[in-house]
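Observations on the three-dimensional arrangement
Listed below are the residues making up each chain.
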Amino acid sequence: MADNQEPEPILLHEDTHKKDLISILGTQGLMYNDFNAAEYKLLMLIIKHNQKVIKQYIVPANLQHGHLPFTKEQFQAGHVDIVIPFKEFGYNRSNNLWLKDKLCQMAKKPIDIPYKMNDTTYHKHFDSLFTPDCYRLSDSSWVACLHFDYELMQYLFAFDKGVAHIDLNAMDKMHSVATRKMYVLLHCWAARGYTSISPTSLMLLLKGKEAYQYFGDLEAKQLLTAQQELKSLFDKSIIDEYFTYKPFYQAHIKKAMPDHISITLHNRKYVEPTEEMEKVLFAADELTGLIGAAAKMCPSKSVMDMEVS
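Heads up: these notes are all about the structure in this document.

Cut-off values and rules
Residues numbered from 1 in each chain as written. Predicted model: local features only at pLDDT ≥ 70, side-chain atom pairs only at ≥ 80, totals over all residues. Heavy atoms only, no water. Core = buried A, V, L, I, M, F, W, Y, C linked by side-chain atoms within 4.5 Å. Buried < 20%, exposed > 50% of the residue type's maximum accessible area, 1.4 Å probe, protein only. Helix = DSSP H or I, 4+ residues; strand = E, 2+ residues; numbered from the N terminus. Contact = heavy atoms within 4.5 Å. Pairing = 2+ DSSP bridges. Axes fitted to C-alpha atoms, helices over the stretch in contact; angles between N-to-C directions. Patch = residues over 30% accessible without salt bridge, like charges linked within 9 Å, V, L, I, M, F, W, Y side chains within 5 Å. Areas by Shrake-Rupley, 256 points an atom, 1.4 Å probe, with all protein chains shown as cover. Salt bridge = Lys/Arg side-chain N within 4 Å of Asp/Glu carboxyl O.

Ranked by size, the top nonpolar core spans 89 residues in total, and within it M44, L129 and F148 carry the most contacts. At 9 residues, the largest contribution of residues to this core is made by helix α2 (residues 37-49). When sequence neighbours within four positions are dropped, the list of residues in contact with F148 reads I46, G78, H79, V80, I82, L129, F130, M153 and L156.

This is the structure in structure tokens:
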């Protein structure tokens, strides 16, 4: 069973399969944090708010940590402010106090952001992601002013770990934070060809700390939950990837934790069709052939006007 999940308010947008794609930097998707499911979604919405910076400045210039061109005023102040109207988070106004509390809870949790030096990845520790200041405007609407440490921004918005694309509408259908984080991990890490990860690294990515002493707990509370949820969404054609995994032990001697875990990414483009899928494809091909033959027999009639019994 997955770790207990805190109830999350329902977003205002309709339940639809329409995609809401955002660009996420690997430094953001692969950082260590212990955010719960709701807090992790808020992180993604903060990233969505900054799409212009990511798409127009960071990615085209491949800006690495330490080279982001912030203003002289921001450098002197020691922080960068990001102002986000509450309505931009997508929740009902009745959830404003809940949203304010979530932002304050996020501010109490430490994070570690990955960065590269040559071909080696390190992590930079920060005591918190931001300091929030939530207040009401004269029209009674709420806004959040998030104060990001200047040095933190040099790592959080860097191209050190590339860029990936995720679907926020698909994430809304994921109930577990393990599923949400694995979904991002698949795009920021596995999609780049990486297949092996140590249990410690996986725990840091999913929980922000070494949360379990035994693989059975890591599997039951994180891996199985994420695997089953993602596979279910894949089967419903909501997402195009899911994963399978296998623990490996040196000399096949089992111990508390495996030496590494092999992650296999399954993409819809490369999935072998099942017998049921082949039947559907065969039927569709037959139907196309019948329509084509009918069109040749009646060239004066549009194919769109043909009725197929």
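To continue, consider the sheet that holds strand β9 (residues 241-248). Reading across from one edge, β8-β10-β9 is the order of the 3 strands in this open sheet, with antiparallel pairing throughout. The sheet is open, and its two edges are formed by β8 (196-197) and β9, each paired on a single side. Two strands pair when backbone bridges link them, and β8 and strand β10 (residues 260-267) are joined in this way by 2 bridges, in the antiparallel orientation. By the bridge assignment for β10, I197 is matched with I261. Contacting β9 and β10, helix α10 (residues 215-235) crosses the sheet at an angle of about 155 degrees to β9.

A grouping of V83, Y135 and L137 is seen on the molecular surface, where their side chains present a nonpolar patch of about 230 Å² in accessible area. Take L137: it is sitting in the loop between β5 (131-136) and β6 (142-149). Residue L137 is classed as partly exposed on the basis of its relative accessible area of 38%.

Turning next to the sheet that holds β5. Strand order across the open sheet formed by 3 strands is β2-β6-β5, with antiparallel pairing between neighbours. A single partner strand is all that each edge strand has here, and the edge strands are β2 (79-85) and β5. Here the strands of the sheet are splayed against their neighbours by 20 degrees on average, with no regard to which way each runs. As judged from the 6 bridges shared by β5 and β6, these two strands associate in the antiparallel manner. Looking at the pairing, T131 lines up with H147 of β6. Against the sheet, α2 touches β2 and β6, its axis set at about 100 degrees to β2. Relative to β5, helix α5 (residues 96-106) is tilted by about 160 degrees, and along the sheet it contacts β5 and β6.

The analysis is restricted to geometry; functional conclusions fall outside its scope.
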